[in-house]
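# Structural overview
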Amino acid sequence: MENVTMKQRQNIQVEGTGKEKNLAFANALNQIHNRVLKEKNDVIVRIEPLDIQVVKAEQETFTERFFFFFLPRTRADYRVLLDVEVEITLIEMETIPFVEKRVTDPNGLPIPFGKKKRMQKEAN
């Protein structure tokens, strides 16, 4: 048996938003898996972030009021843009030699009454 996995490094840029700082980072990091799957047609075994660089981190604040005048409170939204270097362990489907075997349809239904009548006619 030979080893069929291989490793590749790739840089990915992801963006995330959230009501808290940690939610913005979590949102951005959760996008890595989907981004890698869209670009590759191979079987992904593991995606490991190696290095994370913050390109941009923003905080948007605004004052929210109840009925335009009462109970003012300050709210914040966070947005981060990250450059992430990942190591991808994958199985390249093009390198796997598949052996083709011809079989009858496993979901097909045998029709016994058709064969039996035809055999009786041929015997006569």
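An unreviewed UniProt entry lists the protein under the name Cytoplasmic protein, with Candidatus Enterococcus lemimoniae given as the organism.

## Considerations on a nonpolar patch on the surface
Together, Val 43, Val 45, Met 93 and Phe 98 line one region of the surface with nonpolar side chains, adding up to about 390 Å² of accessible area. With respect to the helices and strands, the residue Val 43 is situated in strand E2 (residues 43–66).

## A few points about the sheet that holds strand E1 (residues 5–18)
The three strands lie next to each other as E1-E3-E2, forming an open sheet whose pairing is antiparallel. Because the sheet does not close on itself, it has two edges, and the strands there are E1 and E2. Each strand axis lies, on average, 10° off the axis of its neighbour in the sheet, ignoring direction. In this structure, E1 lies alongside strand E3 (residues 70–91), joined through 14 bridges in antiparallel fashion. Bridge pairing in E3 places Val 14 opposite Leu 82. With respect to the sheet, helix H1 (residues 21–39) is in contact with E1, E2 and E3, its orientation differing from that of E1 by roughly 140°.

## Thoughts on the nonpolar core
Grouped together as the largest cluster of nonpolar side chains are 15 residues, with contacts concentrated most on Val 14 and Ile 32. Of all the elements in the fold, those that place two or more residues in this core are E1, H1 and E3. The element best represented in this core is E3, accounting for eight residues.

Cut-offs applied
Per chain, residues are indexed from 1 in the order of the written sequence. Under the rules for a predicted model, residues below a pLDDT of 70 receive no local features and side-chain atom pairs below 80 are neither given nor counted, while totals for whole chains, interfaces and linings still include all residues. Side-chain numbers come from the whole structure's heavy atoms, not from hydrogens or water. Each patch is built from salt-bridge-free residues with over 30% relative accessible area, joining like charges within 9 Å and nonpolar side chains (Val, Leu, Ile, Met, Phe, Trp, Tyr) within 5 Å. Using a 1.4 Å probe, accessible areas were evaluated by the Shrake-Rupley method; residue-level cover was limited to the displayed protein chains. Any Lys or Arg side-chain nitrogen located within 4 Å of an Asp or Glu carboxyl oxygen qualifies as a salt bridge. Helical segments are the DSSP runs of H or I of at least four residues, strand segments are the runs of E of at least two, and each set is numbered from the N terminus. At least two bridges found by DSSP between two strands is the condition for calling them paired. All axes are obtained by fitting lines to C-alpha atoms, using only the stretch in contact for helices, and the reported angles, taken between N-to-C directions, cover 0 to 180 degrees. Two residues form a contact once any of their heavy atoms are found within 4.5 Å. Throughout, nonpolar core names a set of buried Ala, Val, Leu, Ile, Met, Phe, Trp, Tyr and Cys residues whose side chains join them through atoms within 4.5 Å. Exposure categories follow from relative accessible area, calculated using a 1.4 Å probe and restricted to protein chains: below 20% of the type maximum is buried, above 50% is exposed, and the middle band is partly exposed.

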